[in-house]
Amino acid sequence: MAIADFARSTRESFLVGWKIESNWTDPVLFATYRLVQPLASLLIVAFIVIIGGSLPGPGLQKAYMARIIVSNAFFVYVAQITTNMGWLVNTDRSRYEVLKNIYISPGTLHPYFVGRGLVSVVNATISVIVTLLFSVAVFNGILNLQIPINLLSANLLLLIPATLLGVAGLIAVGYMLAAVSIVSNRLEFILGESVAGVFFLLGGVIFPISALPSWVQPMSAALPVTYFLDVVRDSFGLSATNHLFDMAYLALSTVAIIIVGILVFRRAELRAKRLGLFDRKSEY
Amino acid sequence: MSLPTIGFRDELLSNLKAAYARMWVRIKGGNREATHFIAEVFLPVLTIGAYVILYRSLGLPSTLGSAVILGGAMIAFWMNVLWNMSAQWYWEKEMGNLEMYMVAPVSRMAILFGMSLGGMINTSIRALGILILGVYVFQVPFQLHDIFTASFIFLLTVVALYSLGMVFASLYMLYGREVWHTNQLLMEPVFFLSGSYFPSIYISAIPFWVQLAATAIPMTVGLDAIRRIAIYGGDISTVWLHIVALIAFILVLFPLARKALNFMESLGKKEGRLTLRWQ
Amino acid sequence: MKRDLSIETRSLRRLFKGVPGAGDVVALDSVDLSVEEGEIFGLLGPNGAGKTTLIKILATLLLPTSGEAYVKGLEVVKNAPKIRRLINLVSGGETPGYGILSVKENLWFFSQLYGLSRDGARDRIKQLTDQLGLDTYVDSRMSKLSTGYKQRLNLARGFINNPAVLFLDEPTLGLDVLSAKQLRTFIRSWMADGTKTVLLTTHYMAEADEMCNRVGIIDRGKVLACDTPQRLKMKLASRPSWKIEITPNIQDLDSVRTIQGIVGLSETSNIETGASTLKLVLEDESVMSSLLSKISQNGSKVLAMSKSEPTLEDVYISLVGRGLQ
């Protein structure tokens, strides 16, 4: 399939996804929804740190707060892409009953999933930006906690490539989840959230991976998400890891996940055809 | 025309049968799939684990870890209330079942009551699993002396939560895809306000207005009371105000659910959207 | 209201909000209808004619905008809970129930919504599954059933409470010819005691002709005719019905419709032969010459033509002006 055709199908799928997932209300309400959920997640951990700071001891750990704000904001990419792509097959196969039509139209299935994944990326990007701005306004503005975070000083040469690589890897993970969802029944309820849950625990989102039990740390160190968040924090000057190593690992692991994602998808596609699963309805 | 008249006793019996049947469907359907059960116990433990480790890495008291585990168990109820109570008429509509319920000669409250009972039973089993697994894995301390009061408060909290679920179910009745967005909106913000992962009331570090807003959620009150008894060794004298508040929630929410249900059903019939799918 | 009326509507009207700027959509317009106890009453009409709207109002799912509707003498707005004890509704194409539960479990659940006793429910489920050919699938999950068997389960649900008034909204949708025939036989035997009433909507003229004691033809919210199929056909006897087979088909059918003296016209095409069959209801035979010259102008050849006894479809064509196909 020509690249132009792939790009066109991806764009059309993106527009369909945008209409279904995002264009359901007015922009202000939409932005509010995009803000409330990630902000509440952030406030949970932020208040844990604030409560910790109010107890006898070292006081408020401001650097820790900054780390949590940035990690939580960017974790939205992980949560939204995995959850939405894990759920996508269910809605399109069982609810809207269009998966079979997409499959039989020439060469649209792969760009369709990519396009729908990109909707999550755009939605998540809006959430990330709004959450970062709001966090700074709340913690450094209203509460005057003087958290060492300066959004304007972010190293974009690190941040942009890391985000692009991280997002590409996550879409590949979402691709795999969609593949598993095609050949499984009723797993869609748990697929995306399970993966997001594992990444939340092991990805060093709200604590450094050194806080994990030693036998879990190698698993954490193998996850691309860990490096994605590391580089993102680096770009805001919030940790001092080896950028070059992190970026190289992120790039290689992203390529590896994309290859594995395509292979898994192909296997799932074959199995789905063999068992006639493209129009199966979920059981409730 | 002679039509059979139905006495109060028969009507009550008929509604109880319907409630029992709906409860049975929920229990049977909810436990037929082992992978779901396992996921519903293990998934919350992943998140709980992250918070327990956060507390540890901040060097905070281990009782906060116990609080998180109780909070995680209680979140299971909130999730069930949101997705399997509030959104239930929406699911039924999408499956083509709402029409069937609406032409059946039973009170919709009986159906909601049956759903609630089934949900409570299913989720209690899961919450117990989360609690046992959480305590086993993270080895956090508990000091439970007054098991009767703890159980009573737990029961009141769950009844209040499901009464709220009934109110939401009625309000969601005419919803289309807004269901998804509304439920998403009621997850993390409620986890935050209700103090599921940290105590959100009677804590000086939390602004007063946040604490006040938090007490409007039955889970906040119930969870705080259970923590006081199960973690800090309190008894009924330390939580009597919580008990009064929870009873007040039930007394307000249950009749409100009935009123909201009648109003929304009538509105749906008027606008012709009651059983309209794919909105 | 008369004692023996199971369903009655008086000046029943229902409006729906249309797209912005287009005004309200009239789904039902002053519908007056009476269905007696023991009758199978058929509602015939094209898509969007108002059939389902009428059924939804009678089944207490929708409020009328104005007018009155009664089921067993009970007004539908004020007495909805009482009416629900007497009715049931089967919408063809819908498959209510829980996929994860078996046929028997689903039917047991439905029976409990109607307060059946344990033994009563067991016997009723056995009887219905036997009679509707579901007996070999009672322990199968609903999600594993084929479309036709799901529809049978839907029908069994409709009969579970032995309703006094049953609303069947296109009940044979999704059923093969044999299953549809079995269903018709079952409905007739179920109605044998003369106390049950069925209001049926269908697109199948032969089904309506075979089953219904009376039919109402509805289009754009108005009931255009209401009588027994025999009497409706007799009324048409003075108007000749013709069947003309032509090839190739006529592109601009409306130009034929406008010929003076043509009451109604429908066309069915045979994809294999490329021929089309025109079914016409005429004012009188004198129209034939204009009609044949129009066919000739179109470049079509007449392959065969025959005069036929009026059918219910002819009645429909003459009233609505077009066929259902």
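Residues numbered from 1 in each chain as written. Chains lettered and ligands numbered in written order. Predicted model: local features only at pLDDT ≥ 70, side-chain atom pairs only at ≥ 80, totals over all residues. Heavy atoms only, no water.

## Structural notes on the overall build of chain A
Counted only if it meets this: A run of H or I in DSSP counts as a helix once it spans at least four residues, and a run of E counts as a strand once it spans at least two, with each numbered from the N terminus. For the radius of gyration, the atom set is restricted to C-alpha positions; the globular benchmark scales as 2.2 Å times the number of residues to the power 0.38. Relative accessible area decides the class of each residue, using a 1.4 Å probe on protein chains only: under 20% of the type maximum gives buried, over 50% gives exposed, and in between gives partly exposed. Contacts were defined at the residue level, with two residues in contact if any of their heavy atoms lie within 4.5 Å. For accessible areas, the Shrake-Rupley method is used with a probe of radius 1.4 Å. Any residue's cover is judged against the shown protein chains and nothing else. Counted as positive: Lys and Arg. Counted as negative: Asp and Glu. His and the chain ends are not counted at all. Charged groups are reduced to one reference atom each: NZ for lysine, CZ for arginine, CG for aspartic acid, CD for glutamic acid.
Looking only at helices and strands, one finds 10 helices and zero strands in chain A. Scanning chain A from its N terminus toward the C terminus, one meets helices and strands in the order α-α-α-α-α-α-α-α-α-α. Its C-alpha atoms give chain A a radius of gyration of 20 Å, within 12% of the compact-globule value 19 Å for 284 residues. Counting only C-alpha atoms and orienting by the principal axes, one finds that chain A spans roughly 65 × 45 × 40 Å. Out of the 284 residues in chain A, the part that is buried amounts to 55%. Expressed as a percentage of contacts within chain A between residues at least 6 apart in sequence, the contacts between residues at least 24 apart total 77%. Total accessible area on chain A stands at roughly 12,100 Å², and carbon and sulfur atoms take up 70% of it. Positive and negative side-chain charges of chain A, numbering 19 and 14 respectively, have mean locations separated by a distance of 4 Å.

## Description of a nonpolar patch on the surface
All names here are of chain B. As a reminder, the rule being used: Exposure above 30% relative accessible area and the lack of any salt bridge qualify a residue for a patch; like charges then connect within 9 Å, and the nonpolar side chains Val, Leu, Ile, Met, Phe, Trp and Tyr within 5 Å. We count a salt bridge whenever a side-chain nitrogen from Lys or Arg sits within 4 Å of a carboxyl oxygen from Asp or Glu.
Together, L144, I147, F148, F152, I247 and L251 make up an exposed nonpolar region whose accessible area comes to about 610 Å². Of all elements in the fold, only α7 (147-172) and α12 (236-271) reach the threshold of two or more residues within the nonpolar patch. As for its position among the elements, F148 is in helix α7.

## Re the packing of aromatic side chains
The line we're drawing: Note on ring pairs: Phe, Tyr and Trp rings are taken, using the six-membered ring of Trp, and paired if centres are within 6.5 Å. Classes follow the plane angle, with under 30 degrees stacked, over 60 edge-to-face and the rest tilted.
One pass over the full model with this rule turns up 33 aromatic pairs over all chains. On the numbers, 6.0 Å between centres and 55° between planes, the contact of A:F200 with B:Y51 is tilted. Taken as a pair, A:F200 in helix α7 (residues 188-202) and B:Y51 in helix α2 (residues 34-57) lie in two separate chains rather than in one. According to the relative accessible area criterion, B:Y51 is buried, its value standing at 5%.

## Regarding the sheet that holds strand β4 (residues 66-71) of chain C
Residue and element names in this part refer to chain C. Put simply, the test is: Paired strands, in this sense, are two strands between which DSSP finds at least two bridges. Fitted lines through C-alpha atoms serve as axes, helices being fitted only where they are in contact, and the angles separating the N-to-C directions of these axes extend from 0 to 180 degrees.
Spatially, β2-β1-β4-β5 is the arrangement adopted by the four strands of the open sheet, whose pairing is antiparallel. The two strands at the open ends of the sheet, each matched to only one other strand, are β2 (25-36) and β5 (74-75). Looking at chain direction, strand β1 (residues 5-16) and β4 are connected through five bridges and run antiparallel. Bridge assignment links T9 to a residue of β4, and that residue is A69. Contacts from helix α1 (residues 51-58) reach β1, β2 and β4, with the element oriented near 120° to β1.

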